[in-house]
Every structure is written in structure tokens, then in C-alpha cells.
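# Report on the structure
Listed below, chain by chain, are the residues.
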Amino acid sequence: MKESLETRPSAALKSFFQLHPSFRKGFLVFVLFGTSMAIGDGVLTPAISVLSAVSGVKHKITGLHENYVVLISCVVLVGLFSLQHCGTHKVSFMFAPIITTWLVSISVIGMYNIIKWNPRIYHALSPVYMLKFLHSTGVEGWISLGGVVLSITGVEAMFADLGHFSTLSIKIAFTFIVYPSLILAYLGEAAFLSKHHEDIQRSFYKAIPEAVFWPVFVVATFASVVGSQAVISATFSLVNQCCALNCFPHVKTMHTSNQICGQIYIPEVNWMLMCLCLAVTIGLRDTNMLGHAYGLAVTIVMFVSTCLMALVILIVWKQRLIGAIAFFMFFGSIELLYISASISKVHEGGWIPVVLSILFMCSMYTWYYGTMKKHEYDDENKVSMNRILSSGPSLGIVRVPGIGLIYTNLISGVSAVFGHFVTTLPAFHQVLVFVCIKYVQVPHIDEEHRLLITRVGPKECNMFRCIVRYGYRDLLQENYDFENRLVFSLMQYVETEDQFWKPMTPCEYEPLEQSSYKYKATNTTVDDREKSTHSEEAMLIMRAKESGVTYIFGHCSVKAKKSSSILKKLGIDIVYAFLNQNCREPEALLNVPHTSLLEVGMVYYV
């Protein structure tokens, strides 16, 4: 497909961000703040959904103490988060029946209330009444928009599940099922309120006919759990993407589906969300305060999404500037109106998402800053192999028996960790392999295609680079099997090295992605002396394996310089150090045995 030509506004915007690093940092902070608000939404949505649903029992059992409502809500929340490890695909068979029953219930109840209390309520669909209401009420009407926004919050949870369902299926479901059901439900509730002004605080459950109250109550509770499940799953996906962009500490990600990459489970994030949900539920105990916090969080997320979507229209889709501006002005003005009304409720619970977002944003930006500084140091301090070889005699470098596996994120060049290791302890293993692990967006990688091996330096150095590829559903290697596969692949590589490096015509070439060690036969032959050399090197690798395999990891610390500001010292020396010490280390993710582990400590000053 032919790419669209670069437009003048998109090129100007790109060059502006390239020439002004401070604006790039400010834009990153803006995006991280919106992302943090979305994570905070993952805390507030389960809390308000479950607490609101369970609170309905007080309308039937009037003497029930509020503590019991909170206790029941906490039990439901604990059960909800405890089931997350099962994966969406194992529990989603219940979602469609529950949501379908829920939508049918509120539609039928809405039509019942319309017919019984006010058949002319359909006139409320006209925006003229909204304008009359705002004109007559003034400031009070504007403040009431902070509560009106709750009528649309929660519906966005459908779109939070894009990692689990297709965009088309969500569009069809929303247009033909969800939206009509909501319209009928709200019209029915409005019809009931038109005759019962005193029940405005509990209008939903009051409007339910007595005969069907308990069935609807049960369905409402299950529906709140399903809606919470969607937002929790979206939070997992969001954190996973932040980890890929180095904006979140490394966590354990478990993929729960062989077909859909977006269905994941992150234990640390799950229990963190559960603790925060319980704290908010127990601490506030009030659905009104939770509603104020929830409304502010959702409207800010919507506004940030609108801003980013306008940039996508301009830069990615390369549409005209007027289209991006029109999109932003139409949707952004509505969202800013809701935000302005919600801000007035900051002191009544709206401060909760703000505080949570600031904490998340500061932690994520600090992690991003420290990680980028480490990557910059690695790139700027790559070790030249010629430099190591030329300085070998002066350093007294010796080769010791065994195979050394140096884990690095670099797919080219020699990591600074190796240079530090050699200068500190001028000896390394008889066979040295630089291992780089990469994850690809497919469920599984065949074993015969997992390892990609190249040589580093001249042949007499016996140094190689191995890129290990894993699909998102592949389990990390069991070390002894990995060692055997690696040694076999190294021996196979040195035996077929001439065929690998021989130039091939396009018809002789077979892509590495499809066959790592399958090469087309050529007409040239390798002489006996080269075969003997390869056999000797293969035997050297085998003997080195028998001597033992050592896993070498760089344990890098980042510290602020003495001349740095107090804020930078606080962020790097305290916040980043805390996150770095408590995130999952690479050796833990790879299940490396401690008896074979060698860590090389380094300190970076930024």
C-alpha cells in the first residue's frame, strides 16, 4: 500500500518537537498524566460499580447498617480480583448472557416507567430542553453537569476491551443494542422522577417494580462485576504497553490466550489495584464522593484521548489541518465543559484520582528518565572488540574453561558491562556468547527458529552473539535444556558458517524468519582443512560446555551527581532506586540458578 505524502502541518509539527526537547518532555508528562488517570480509572470503576450495585439492598432491608454494605462490596471485589488469573477467555462465556440480560432488563423497566408515569417524556431527547435548563439554572446547572457526566461514564468500559474484541463488533453492539437500551433506561428513570422528585438520590432502585426487584438486583451486581472486569483487563494492557515503552518497571506478564495477544494478566498490578480499590471503598463508603472522583478521572482521560487523536489525524493519517482542528474543537469543547464542572467537586472526592495520577505519573516519568539514561550510557560506551583484543596483552586477559553467557539488550556491539568485567577481572571464558532476548507478537516460536547466531570478532576469539526469540505465549527456557540447545546451535553454526556467509542469489536465499539454519545448497565445496578447523572448534565448544556454563548479568545502578538538584537526587536516588530494587530482575524472569549466576556491578552517574 502506498504511503500518504507528508503534509506541511505534520512535517512542521514533527520538526517543532525535534527542535524543542522541552516541549517533548512536556508532551510526555501530559501523556503520562492521562495514562495515570486511566490506571486510576481501573481503581475507581470496580469500587463505584460494585458499591453502587450492592447499595441497592438497603432499599429492601432498611435496617441494614452501612458497614455490612461495605463488607459485602469488599467480598465481591476480592472475589473479582482473585479470578483475574483465570484469564478473560475462561470466564467470558458468562459475560454475554449477563450483559444481555442486564440490557434487556433496564430496557423493559424503562419502557414500563415511561408508559406508567410519563408517556410524553420522549420530548426530553430534544437538546432544546438542555439549553433551557442551563439558561434558567445558570451556575447551578453548570455545576450539575458534574453529575450528568456519570450518565455516560461506564459506557466507555466497552471500548476499554478492544484488546479482547474487534472494533467492528463493539461498534455494532453499541449502536444497535447498548445505546438504545441506555436511552430507554434513562427516559424511564426521568419519567419516574417527574412524578417522584423526593427520590432523586435513589431513583434507579425505586423505579424498579417490586415484583422484579431481587432478580434485577442480582443481575445488576453481576453486570457491575463484568464492567469492572473490562476496565481491569484494560489496565493490564495499558501497563504492558508502558513496560514496552520503558515507562513502567518490569513486571511479570502472563498471556492467557493462544489466539488474542491482548488478553494478559499481571499479578503485581492486579493485587495493587485490589488493595487500592478496597482502600477507596472502605475509606469513602459514599457513592456520591466516588462518583465525583470517577467523573473527573473519566473526563480527563477522554480529553487526553481527544488531544492525542487529533495528533494521530494530523501526523499518522496525514489529514488536513482543518479536519484535526474541527475534531478537537467539537469533542474537546464538550469534554472541557464536563471537566470544568467536575473540578468544582475536587474537595468532595475529586482529589482522589488527582493524587493517584500524580503519584503514578511521577513514578513512571522517573523510571523512564533513569532507564533512558542507562540506555544512553550503553550506546555511548559500547566496547570495541578491536580495542579489547589490542589491549589484551597489557591487561593480562586469560581464557578460562567453560561457556560464558553475557545477557545484554544490545543487538549490535559489545555492552559496556563486558568491558567493565574484563578490566575488573581480566579473564573470560573459553567460549563467550552475548545473549539478547527479544519478544515477538506471535503466540509461539518453533524451537528450530528460536536461536539466531552470528560470530563476534575473528574466529580465534570464539565469541558469538545469540538472539533468542520468544512468542508471547512461550515459557522462558528451562536452563539446562536451553544450554543444550545453544551448544548444539553453536556447533551447527560453525559447521555451516561458510554456507551462511557465502553470497547467494535471490532464488537461493531463504529468509531467516522462516528457517534459521536452513540454507540452500551451493555448488562450492569446503576443503578438508576448513572442515577440520570447524570440527576442532565444535569440539572446543563441547568441551567448554562440559566445564560449565556461567550466566553473566549487569547489575547497573543509577545515581545522581553531587552537583544535581535536590529534585533530581530525590527522583533518582530514592524513587528510581526503590523501583529498581523492587521490580523483577532479568535473572528472576529467566529462572537462572544462583550457582551459575555472576553479576557485574556498575554505577551510572546522571
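Just above, that's the structure.
About the cut-offs
- Residues numbered from 1 in each chain as written.
- Predicted model: local features only at pLDDT ≥ 70, side-chain atom pairs only at ≥ 80, totals over all residues.
- Heavy atoms only, no water.
- Helix = DSSP H or I, 4+ residues; strand = E, 2+ residues; numbered from the N terminus.
- Buried < 20%, exposed > 50% of the residue type's maximum accessible area, 1.4 Å probe, protein only.
- Contact = heavy atoms within 4.5 Å.
- Areas by Shrake-Rupley, 256 points an atom, 1.4 Å probe, with all protein chains shown as cover.
- 1 Å grid on protein atoms, 1.4 Å probe; cavity = no way out; pocket = protein on both sides within 12 Å on 5 of 7 lines; lining within 4 Å.
- Points joined across faces, edges and corners; volume = space filled by probe spheres on them.
- Nonpolar A, V, L, I, M, F, W, Y, C, P; charged D, E, K, R; others polar.
- Salt bridge = Lys/Arg side-chain N within 4 Å of Asp/Glu carboxyl O.
- Axes fitted to C-alpha atoms, helices over the stretch in contact; angles between N-to-C directions.
- Parallel < 35°, antiparallel > 145°, perpendicular 65-115°, else oblique.
- Phe/Tyr/Trp six-rings, centres within 6.5 Å; stacked < 30°, edge-to-face > 60°.
- Lys NZ or Arg CZ within 6 Å of the ring centre and 35° of its normal.
- Core = buried A, V, L, I, M, F, W, Y, C linked by side-chain atoms within 4.5 Å.
- Pairing = 2+ DSSP bridges.
- Patch = residues over 30% accessible without salt bridge, like charges linked within 9 Å, V, L, I, M, F, W, Y side chains within 5 Å.
- Lys, Arg positive; Asp, Glu negative; His and termini not counted.

On to the overall build of the chain. Looking only at helices and strands, the chain has 22 helices and eight strands in total. Each of the 606 residues in the chain was classed as buried or not, and the buried ones make up 42%. Look at the contacts in the chain between residues 6 or more apart in sequence, and 81% of them connect residues 24 or more apart. Working note: accessible area of the chain is about 32200 Å², and carbon and sulfur atoms make up 65% of it.

Here we take up empty space enclosed by the protein. Tallied over the entire structure, the rule returns two cavities of 30 Å³ or more. Volume-wise, the largest cavity comes out at about 80 Å³. I106, I109, G110, N113, A185, G188, E189, F204, A207 and I208 together form the lining of the largest cavity. Listing elements by their share of the lining of the largest cavity, those giving two or more residues are α5 (95–117) and α8 (167–195). Broken down by element, the lining of the largest cavity gets its largest block of residues, four residues, from α5. Looking at side-chain class alone, the lining of the largest cavity contains six nonpolar, three polar and one charged residues.

Another point: the pattern of salt bridges. Under the definition given, this model contains two salt bridges. Among the ionic pairs, K373 bridges to E376, the shortest N-O distance being 3.8 Å. Of this pair, K373 and E376 both sit in helix α14 (residues 351–380), three residues apart, which is roughly one turn of that helix. Note that R455 and E537 form a salt bridge whose closest N and O atoms lie 3.0 Å from each other. Remark: E537 occurs in helix α20 (residues 528–547) and R455 occurs in strand β5 (residues 451–455); sequence separation between them is 82 residues.

One can describe the packing of helix α3 (residues 66–82) onto helix α11 (residues 267–284) by two numbers: an axis separation of 10 Å at closest approach and a directional angle of 170°. When the interaxial angle is binned, α3 and α11 end up roughly antiparallel. Two secondary-structure elements touch here, α3 through V70, S73, C74, L77, V78, F81 and S82 and α11 through N270, W271, L273, M274, C277, L278, T281 and I282. For the contact of α3 with α11, the residue count by class is eleven nonpolar, four polar and no charged.

Evaluated as defined, the whole model comprises 20 aromatic pairs. Measuring from ring centre to ring centre gives 4.8 Å for F16 and F23, while their planes differ by 55°; the resulting arrangement is tilted. The class for F16 is partly exposed, based on a relative accessible area of 31%. Their ring planes at 90° and their centres at 6.2 Å tell us that F464 and Y493 sit as a pair that is edge-to-face. Pair noted here: F464 is in strand β6 (residues 463–471) and Y493 is in helix α18 (residues 479–495), with a separation of 29 residues, a long-range link. For the pair F464 and Y493, one class covers both residues: buried. These aromatic residues form a ring-pair network of at least three members: W102, F204, Y205, F213, W214 and F217. Looking at K132, its charged tip hangs above the ring of Y129, at a distance of 5.7 Å from the centre.

With that settled, consider the nonpolar core. Core analysis: the biggest nonpolar cluster contains 72 residues, and L44, W102, V239, V280 and L290 have the highest contact counts within it. Setting aside its immediate chain neighbours within four residues, W102 contacts F204, V216, V219, A220 and A223. Membership of the second largest hydrophobic core comes to 27 residues, among which are V383, A416, V456 and C583.

Attention now goes to the pairing of strand β3 (residues 398–407). Two faces make up the sheet, and in a regular strand the side chains alternate between them. Direction of pairing for β3 relative to strand β4 (residues 427–440): parallel, over a ladder of eight bridges. Note that in β4 the partner of Y407 across the bridge is V435. Direction of pairing for β3 relative to strand β7 (residues 549–559): parallel, over a ladder of four bridges. Bridging from a neighbouring strand, I403 pairs with V549 of β7.

Now for unusual backbone geometry. Unlike most non-glycine residues, R285 shows phi in positive territory, near 60°. Relative to the assigned elements, R285 resides in the loop between α11 and α12 (287–316). Note on R285: relative accessible area 32%, which makes it partly exposed. Positive phi values are uncommon outside glycine, yet N462 reaches one of about 55°.

A word on a nonpolar patch on the surface. A surface patch of nonpolar side chains, about 440 Å² in accessible area, is lined by L168, I172, F176 and I177. Tracing the chain through its elements places L168 in helix α8. For L168, a relative accessible area of 57% gives the class exposed.

Once that is clear, we can look at the side chain of D41. Within the element layout of this structure, D41 appears in helix α2 (residues 21–55). For the buried residue D41, which engages in no salt bridge, the nearest side chain bearing the opposite charge is K345, 19 Å off.

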